Every structure is written in structure tokens, then in C-alpha cells.
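The primary structure of each chain is shown beneath.
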Amino acid sequence: IRGRGKPVIINSVVSKENYSYIDKLSDFAKQKGCFINFNPTYNLGPGSDKFMLSLDEIKYATETIKRLKKNNPHIISSIGTFERSVDFTAGKVTKYQKHCLAGTLYLALSPSGEVGPCFVRLAENGWANGVKEGWYNAFNKVGDMSKCTCDVHCFYDLNELFGLNFKAITRAAFNITSDKGIYA
């Protein structure tokens, strides 16, 4: 991938099993010339609770990433997501965001072309297929999800959509239409 001039991004979900390795993971990414993006674990169903971080663990992960980001430009994680996870875990908030932005600000696409408001809802059947019905029609069938009541974080921090790379944010539309991908 790097040989073709594309940046490599490692996505690491921070869980009970690896939160104490954030330093080592960020060093590894830096040594390999890769970017790394950390995301906290979210309870998305049966069995996922065993990977969930306790309040002390999510605070530790948040502070560690804050500290490391000061000297490691390879870390592209948004600290806002972790801070919101601390508030959620502490019971200060019951949802990651007040109004769902799925279907309004972003959409989810399946490998076969189904268009849904988010990856959680995309798992449900019945979404329009952009390949078969045309992308314009599929996008317009998603509808308004602002009244969604799920407590999934989706993209609470909009920087997650673009990996915190400002150049990629400003070039995102061009990159997508020229088949380079958002991170290119």
C-alpha cells in the first residue's frame, strides 16, 4: 500500500485486553511509518460487555492518548470520543449525542451496495441498493434518522469520519469521487 503512495492507518479498538498497550501500539505505528486511530469499545450486544472498559480504565486510556498525541503525530484519534466515553461510563450522559446524524451527515455503504444510515442500521434488511437502483435514489431513500433512539456512538466526534487529517477532510469529496478513499 505504501509503495503506491497510500498512507497506512491502523485502527485499534481499545478494550480491557489491550488498553495498557496504547504506548506500545503508538510506538509501533510510528516505527512503521503508519498512522494509528484508537476507538473505545462500545457495548453493541451480547458478549461485548466483557471487553468494556471500566471508568478507571477508560480514564487511563483517555489520559494516555492525550499525553501521547502531544509528541506523536502518527496518532490520529480524536480525544473527544474518549472524553465522551468517560462521561457515558460515569453515567453523566445516557447517549453519545443528542441527535443522530446518520443519514443526514453521513451514510453507511455495504460491500454489495446497500445504503443505510449507519453500520448498526445497515445490518437490518430492506435498504436500497445503489448499484442496482442508482446512488441518488438509494441515498434519498435513507430518510431522517434524527429521532433515532439507539445509544451507539456512531460518529459522535465528526473528526472520526476523516481520521483527524485536515488535508483529507478538505479533499474528501475529491478523494471519494476519484476512488482514492477518504484517508488518501
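All of these numbers come straight from a predicted model, not from anything done at the bench. (Residues numbered from 1 in each chain as written. Predicted model: local features only at pLDDT ≥ 70, side-chain atom pairs only at ≥ 80, totals over all residues. Heavy atoms only, no water.)

Looking at the overall build of the chain
To keep things clear, this is the line we draw: Starting at the N terminus, helices and strands are each numbered in turn, a helix being any DSSP run of H or I of at least four residues and a strand any DSSP run of E of at least two. The buried label applies to any residue whose accessible area, calculated with a 1.4 Å probe on protein chains only, is under 20% of its type's maximum; exposed applies above 50%, and partly exposed to all values in between. We call two residues contacting when some pair of their heavy atoms lies within 4.5 Å. Computed by Shrake-Rupley with a 1.4 Å probe, the accessible areas treat only the displayed protein chains as cover when residues are assessed.
Helix and strand content of the chain: seven helices and four strands. Put simply, the chain runs from its N terminus to its C terminus through helices and strands in the order β-α-β-α-α-β-β-α-α-α-α. Counting all 184 residues of the chain, 40% fall into the buried class. Across the chain, every contact between residues at least 6 apart in sequence was considered, and the portion connecting residues at least 24 apart equals 57%. When the accessible surface of the chain is totalled, it reaches about 11000 Å², and 56% of it is carbon and sulfur.

As for the environment of isoleucine 65
Tracing the chain through its elements places isoleucine 65 in helix H2 (residues 55–69). For isoleucine 65, a relative accessible area of 0% corresponds to the buried category. Through-space distance from the C-alpha of isoleucine 65 to that of isoleucine 79 is 7.3 Å; in sequence the pair is 14 residues apart. If we skip the residues at most four places from it in the chain, isoleucine 65 touches Ile22, Phe38, Ile75, Ser77, Ile79 and Phe82.

Thoughts on the environment of aspartate 144
With respect to the helices and strands, aspartate 144 occurs in the loop between helix H6 (135–140) and helix H7 (166–177). Judged by its relative accessible area of 58%, aspartate 144 falls in the exposed class.

Side note on a nonpolar patch on the surface
The test is simple: Every patch collects residues that have over 30% relative accessible area and no salt bridge, joining them within 9 Å if they carry like charges and within 5 Å if they are nonpolar side chains (Val, Leu, Ile, Met, Phe, Trp, Tyr). Salt bridge, as used here, is a side-chain nitrogen of Lys or Arg placed within 4 Å of a carboxyl oxygen of Asp or Glu.
Together, Leu107, Leu109, Val131, Trp135 and Phe139 make up an exposed nonpolar region whose accessible area comes to about 450 Å². Mapped onto the elements of the fold, leucine 107 is located in the loop between helix H3 (79–89) and strand S3 (108–109). Judged by its relative accessible area of 31%, leucine 107 falls in the partly exposed class.

Topic: H3
Those residues of H3 that sit buried are Ile79, Gly80, Thr81, Phe82, Arg84, Ser85 and Val86. Where the residues of H3 are buried, they touch strand S1 (9–14), strand S2 (35–40) and H2. Glycine 91 occupies a position one or two residues after H3 and carries a positive phi of about 80°.

Overview of helix H1 (residues 22–32)
This is how the line gets drawn: Read the arc as the range of directions from the helix axis to the C-beta atoms.
Taken together, the buried positions of H1 are occupied by Ile22, Ser26 and Ala29. The buried residues of H1 all sit within an arc of 60° when viewed along its axis, so they share a single face. The exposed residues of H1 that point more than 90 degrees off its buried face are Lys24 and Gln31. Next to the buried residues of H1 lie S1, S2 and H2.

Some words on the packing of H2 against H3
Test applied: Axis definition: a line fitted to C-alpha atoms, over the contacting stretch in the case of helices. Angles run 0 to 180 degrees between N-to-C directions. Each angle is binned into one of four classes, with values under 35 degrees roughly parallel, values over 145 roughly antiparallel, values of 65 to 115 roughly perpendicular, and all other values oblique. Handedness of a crossing is defined here by the sense of rotation of the near helix relative to the far one, left-handed for an anticlockwise turn of less than a right angle and right-handed for a clockwise turn.
Between H2 and H3, the shortest axis-to-axis distance is 9 Å and the interhelical angle comes to 160°. The orientation of H2 with respect to H3, classified from their angle, is roughly antiparallel. Crossing geometry of H2 relative to H3 is assigned as left-handed. For the pair H2 and H3, contact is made by Leu55, Ile58, Lys59, Ala61, Thr62, Ile65 and Lys66 and by Ile79, Phe82, Glu83, Ser85, Val86 and Thr89, respectively.

Quick word on the environment of valine 86
Considering the arrangement of structural elements, one finds valine 86 in helix H3. As a C-alpha pair, valine 86 and lysine 59 span 27 residues in sequence and 6.2 Å in three-dimensional space. Other than its neighbours up to four places away in sequence, valine 86 contacts Leu55, Ile58, Lys59 and Thr62.

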